[in-house]
There are 2 protein chains.
Amino acid sequence: MIDELIKAIGSPSVLVGDALKDRYVHIWSMSDSLSAKAVIIPKNTEELSAILKICHRYSQKVVVHGGKTNLVGSTECKESEMVISLEKLNQIEEIDVNSRTMTVQSGVILEHIQNHAKEHDLLFPLNFGAKGSAQIGGVISTNAGGLRVIRFGMTRQLVLGLEVVLADGTIINSMKKIIKDNSGYDLKQLFIGAEGTLGVITKATLKLVEAPKSRNSAFIAFNEYEKVMAFMKFMDRGLAGLMSGFELIWGPTYNTMTSPPSSSKPPLDQHYKYYVLIESLGSDQNKDKEQMQSLLESALENEMILDAVMANSVSDLNWFWTIREDVHVIKTSCDYDHHFDVSLPIPLIGNYVDDICQKVVQIDGVNACYPFGHIADGNIHFIIDRINEDPVLIQEINKLVYRPLKEIGGSVSAEHGIGVHKKAYLPISRSPEEITLMKLLKKSLDPKGILNSGKIIDLD
Amino acid sequence: MIDELIKAIGSPSVLVGDALKDRYVHIWSMSDSLSAKAVIIPKNTEELSAILKICHRYSQKVVVHGGKTNLVGSTECKESEMVISLEKLNQIEEIDVNSRTMTVQSGVILEHIQNHAKEHDLLFPLNFGAKGSAQIGGVISTNAGGLRVIRFGMTRQLVLGLEVVLADGTIINSMKKIIKDNSGYDLKQLFIGAEGTLGVITKATLKLVEAPKSRNSAFIAFNEYEKVMAFMKFMDRGLAGLMSGFELIWGPTYNTMTSPPSSSKPPLDQHYKYYVLIESLGSDQNKDKEQMQSLLESALENEMILDAVMANSVSDLNWFWTIREDVHVIKTSCDYDHHFDVSLPIPLIGNYVDDICQKVVQIDGVNACYPFGHIADGNIHFIIDRINEDPVLIQEINKLVYRPLKEIGGSVSAEHGIGVHKKAYLPISRSPEEITLMKLLKKSLDPKGILNSGKIIDLD
């Protein structure tokens with residue numbers, strides 16, 4: 001099989017043995033060498049198709065690698081498996097400023113896409129911490145979210161076209177750069193968020209928006225969750241289409257984020273229960289600032305909020321957003337940091353978080369609980385500080401966080417996917433009928449089970 | 001089989017023989033009685049599941065009926081088929097003002113959903129002509145678009161949860177009212193826009209937005225398509241998130257829409273080549289009006305536009321939008337009206353439309369060509385006036401309009417779907433590999449081919 005692969009795409013593109021020494025499965029464990037049968041590096045879609053045809057014939061299981069920033073083990077690889085790395089599919093093929101689309105190969109890094117859009121006075125709104133490493137193919141396969149979903153949607157909403165190679169090497173080209181296409185099943189939806197289990201994404205046409213000319217932000221303090229929700233609705237109505245971020249940070253998290261060793265000072269006093277960080281993106285810096293200011297003044301007068309402070313400069317904006325984005329501060333204050341990414345109906349979040357945080361610290365081995373998240377999307381991240389890596393402890397914490405979600409219609413994964421880490425908890429989010437239908441899709445599209453095998457679901 | 005159905009759901013819910021007299025396949029042909037084996041009217045999801053189990057066992061083909069407003073023959077029915085009407089699944093189950101969601105059964109009429117949202121100071125942004133009859137199950141099955149897609153997206157973007165019954169009666173409940181859920185494949189995407197061929201939608205959780213407090217509109221005149229595009233970008237940037245509509249009407253269409261027998265007068269002189277109708281939805285009527293006014297003044301100064309007039313009152317708004325929405329005026333001026341709904345990259349639309357309109361009137365039997373559409377979505381509707389219903393003439397016109405779309409990456413259906421009317425032209429929008437994958441999905445989910453058989457694709 002390796003000989004056939006070398007014949008098909010040339011030996012420099014087929015790494016085996018010692019050549020894997022510098023390869024790894026995750027960006028957080030770059031010093032651990034990859035253990036795999038081979039690493040195959042196609043230079044284009046046709047080569048990938050040729051590779052998959054050979055692998056399919058040999059029933060060779062493959063794992064697809066992009067930027068390897070996935071948080072649920074989706075890039076993990078067994079010794080008997082082969083890695084296909086899309087690093088050479090790294091070209092931005094076109095930007096169309098009137099259609100407001102960009103056509104990219106799947107190995108292009110998210111930040112390069114953002115920068116290229118910016119150079120054309122456009123914005124690719126997707127944004128999250130790993131943008132400097134994450135490749136767009138993986139971003140789409142994960143249906144990544146981030147900080148501006150409330151206005152611009154998840155990745156799914158930003159993908160107009162896809163090119164995908166199926167398990168048997170068939171190339172599915174749905175690369176139109178049109179916004180509307182109701183000509184039959186919208187096939188690209190199958191592959192977005194499928195974590196590489198149904199096909200390998202090779203190209204995408206992305207939707208861009210006009211670059212905003214203003215950015216305003218404020219921190220706002222609350223002691224009651226009901227008022228956070230009322231304020232969210234009030235600001236969304238008042239800012240109309242301009243609201244682009246609405247993040248909630250719970251008191252203990254805020255205090256850690258704004259106390260040494262963090263280099264950020266607290267923009268508001270540290271004694272409140274909740275802190276909202278809001279953002280608007282608009283067309284006129286002064287006018288949009290006045291608008292936010294006047295809305296905050298009304299909210300103060302109406303006792304909807306307890307205190308508020310607006311960013312008055314670019315350095316204030318950076319200060320405010322560093323607080324929210326620098327999750328590293330929390331991580332370093334933990335013995336072992338345990339991350340969650342759950343989703344639930346917005347009105348239930350206040351009580352759910354209170355309940356989890358109160359219970360989790362009663363577990364022997366848990367130091368603290370740090371909740372924060374994209375509240376307007378119903379998406380909460382927790383970081384739970386535990387004293388060791390004991391699997392029993394990990395499982396106990398997982399169960400505590402995940403179990404209540406079933407009854408209240410929540411999800412064990414809002415943004416990060418299932419991969420291998422959350423597979424055991426999938427039945428909390430999904431019914432047996434849904435999981436059966438997922439298996440049917442997997443079996444139909446990849447009957448030999450060669451693509452990212454054992455990720456999301458196990459076939460019987 | 002009929003006996004079993006009666007036993008399962010009671011005889012009043014199973015109509016046969018004379019009871020079909022008042023039934024029809026389309027709202028435009030209510031006087032033509034439906035010809036079908038039976039009409040089955042389930043009262044809830046469980047009854048529908050029981051019905052499909054029986055039909056599946058007998059390999060009985062079924063056609064699903066909602067509001068019967070579909071424009072591509074998706075509700076057409078053969079004598080050997082059975083109709084399942086979802087008219088009794090007509091309850092709004094819940095509205096959640098903080099989650100900003102509404103949970104509805106699939107037989108609820110779109111306008112009722114809009115009104116119910118409005119009563120709670122929320123907006124369900126989907127809007128189109130047939131809203132008074134279209135039922136939400138059909139709307140979702142068609143992935144309907146309409147006038148505000150540029151800001152709020154197609155139906156797909158407004159569906160958070162779905163309940164679907166599969167061909168074999170299995171109930172798939174994915175009814176969460178959460179915005180983000182990356183726990184495995186996003187199954188609901190399969191059924192949105194599938195025209196009832198993969199499952200029958202019984203319930204949906206819809207996404208609502210805060211009701212806007214201002215609405216502003218203007219008509220703007222152009223003679224060059226390039227300037228229409230530049231203006232679209234300019235206004236989108238200037239209005240930031242507030243732009244909610246950007247419609248283009250070509251000169252001949254505008255003239256017909258604003259001349260007797262139309263009761264609408266022209267807001268701008270009739271001698272221009274293009275007319276844009278723009279809309280913003282915001283939070284402050286006066287401020288938002290001033291903003292649009294000042295942007296239009298800049299555009300005039302920069303010679304981007306030739307003339308513009310803003311709506312100064314609610315009656316002006318109604319006047320302006322009646323012009324755009326009252327397509328009936330065009331229809332009555334035609335001998336026979338032939339409608340199109342194509343999609344293509346925005347920069348190519350100007351030349352494409354010029355070319356089609358020039359060529360189509362050279363066909364013997366064509367009187368005139370009326371283009372208009374959702375230009376910011378890349379979606380153009382044509383109404384072509386022909387002298388008769390001759391299938392050869394129809395085919396000649398279809399070929400002229402559709403054929404150029406393949407090469408330029410367009411679609412033969414932006415909003416309306418494929419149904420039976422556009423089936424012959426599907427290969428213009430989709431590659432053989434894509435159509436093969438559609439067939440694979442159909443065979444996997446509905447192996448006996450009982451659901452809306454022969455719609456979108458034919459199985460071999």
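All figures in this text were calculated on a predicted structure; none of them were measured in a lab.

A. Spotlight on unusual backbone geometry. Omega for the bond connecting Pro260 of chain A with Pro261 of chain A falls within 30 degrees of zero, at 10°, which places this linkage in the cis form. Tracing the chain through its elements places Pro261 of chain A in the loop between helix 8 (251–257) and strand 14 (274–282). One non-glycine residue, Ile456 of chain B, lies in positive phi territory at about 65°. Positionally, Ile456 of chain B belongs in the segment after helix 15 (432–445). Overall, the relative accessible area of 1% leaves Ile456 of chain B in the buried class.

B. Structural view of the packing of helix 12 (residues 349–360) of chain A against helix 13 (residues 391–407) of chain A. Residue and element names in this part refer to chain A. Following both chains from N to C, one finds helix 12 and helix 13 inclined at 155°, their axes separated by 10 Å at the closest point. When the axis of helix 12 is compared with that of helix 13, the two are roughly antiparallel. Here helix 12 runs over helix 13; the crossing is right-handed. Residue-level inspection shows Tyr352, Ile356, Lys359 and Val360 of helix 12 in contact with helix 13, the latter providing Ile397, Leu400, Val401, Pro404 and Leu405. Of the residues belonging to the contact of helix 12 with helix 13, the class tally is eight nonpolar, no polar and one charged.

C. Local environment of the sheet that holds strand 1 (residues 14–15) of chain A. Residue and element names in this part refer to chain A. Read from one edge of the open sheet, four strands run 1-2-4-3, paired in mixed fashion. For this open sheet the edge positions go to strand 1 and strand 3 (62–65), each flanked by a neighbour on one side alone. Two elements, strand 2 (residues 38–40) and strand 4 (residues 82–85), share three bridges in a ladder whose sense is parallel. Each bridged residue has a counterpart across the sheet, and for Val39 the counterpart in strand 4 is Val83. Where helix 2 (residues 45–57) meets the sheet, it contacts strand 2, strand 3 and strand 4, and its direction lies at approximately 165° from that of strand 4.

D. A look at the interface of chain B and chain A. Contacts between chain B and chain A engage 92 residues on the former and 93 residues on the latter. Interface area, chain B with chain A, both sides summed: about 7000 Å², of which 56% is carbon and sulfur. Considering only the side of chain B, the residues that lose the most area to chain A are Lys180, Asn182 and Tyr185 of chain B, jointly responsible for 15% of the buried surface there. Taken together, the links from chain B to chain A amount to 12 salt bridges. Ionic pairing is found between Arg237 of chain A and Glu210 of chain B, a salt bridge with its closest N-O pair at 3.0 Å. Where chain B touches chain A, the interface holds 45 residue pairs in polar contact (both at pLDDT 80 or more). Of the residues forming the side of chain B that touches chain A, the biggest block, nine residues, is contributed by helix 15 of chain B. Here the residues of the side of chain B that touches chain A are counted per class, giving 37 nonpolar, 32 polar and 23 charged.

E. The arrangement of the side chain of Asn379 of chain A in detail. Secondary-structure assignment places Asn379 of chain A in strand 18 (residues 379–386). A polar contact is formed between the side chain of Asn379 of chain A and the side chain of Lys180 of chain B, at a distance of 2.9 Å. Ignoring any residue separated from it by four or fewer positions in sequence, one finds Asn379 of chain A in contact with Asp341, Val342, Ser343, Gly373, His374, Ala414 and Glu415 of chain A together with Lys180 of chain B.

F. Expanded view of the relation of the copies chain B and chain A. Each copy of the sequence occupies a distinct position, and chain B is placed on chain A by a rotation of 180° and an axial shift of 0.0 Å, giving an RMSD of 0.0 Å. Given the turn and translation reported, the copies of this chain are related as if by a two-fold rotation axis. Taking the C-alpha atom as reference, chain B places Gly241 of chain B closest to the rotation axis, 2.1 Å from it. When you check the interface residues of chain B against chain A, 100% turn up at the interface there too, and the contact is symmetric in its surfaces.

G. Summary view of helix 15 of chain B. With 14 residues, helix 15 of chain B should reach 20 Å at 1.5 Å per residue; the first-to-last C-alpha distance of 20 Å fits that figure. When helix 15 of chain B is considered as a whole, its buried residues turn out to be Glu434, Ile435, Leu437, Met438, Lys439, Leu441, Lys442, Ser444 and Leu445 of chain B. Turning to helix 15 of chain B, the residues buried within the fold contact strand 9 (171–174), helix 6 (188–191) and helix 15 (432–445) of chain A together with helix 6 (188–191) and helix 14 (426–429) of chain B.

H. Layout of the pairing of strand 9 of chain A. Residues and elements named next belong to chain A. Burial of the side chains of strand 9 is restricted to one face: Ile172 and Ser174 are buried, whereas none of Ile171 and Asn173 on the reverse face is. Across four bridges, the pairing between strand 8 (residues 159–165) and strand 9 is antiparallel. Of the residues in strand 9, the one forming a bridge with Glu163 is Asn173. The antiparallel pairing of strand 8 with strand 9 creates a hairpin that spans five residues between the two strands, and Gly169 there sits at a positive phi of about 95°.

Reading the values: rules and limits
Residues numbered from 1 in each chain as written. Chains lettered and ligands numbered in written order. Predicted model: local features only at pLDDT ≥ 70, side-chain atom pairs only at ≥ 80, totals over all residues. Heavy atoms only, no water. Helix = DSSP H or I, 4+ residues; strand = E, 2+ residues; numbered from the N terminus. Buried < 20%, exposed > 50% of the residue type's maximum accessible area, 1.4 Å probe, protein only. Axes fitted to C-alpha atoms, helices over the stretch in contact; angles between N-to-C directions. Parallel < 35°, antiparallel > 145°, perpendicular 65-115°, else oblique. Left-handed = near helix turned anticlockwise from the far one by under 90°. Contact = heavy atoms within 4.5 Å. Nonpolar A, V, L, I, M, F, W, Y, C, P; charged D, E, K, R; others polar. Pairing = 2+ DSSP bridges. Buried area = accessible area lost by both parts, 1.4 Å probe. Salt bridge = Lys/Arg side-chain N within 4 Å of Asp/Glu carboxyl O. Polar contact = N/O pair within 3.5 Å; in protein donor to acceptor, adjacent residues only side chain to side chain. Least-squares fit on C-alpha atoms with pLDDT ≥ 70 in both. Expected span 1.5 Å × (residues − 1).

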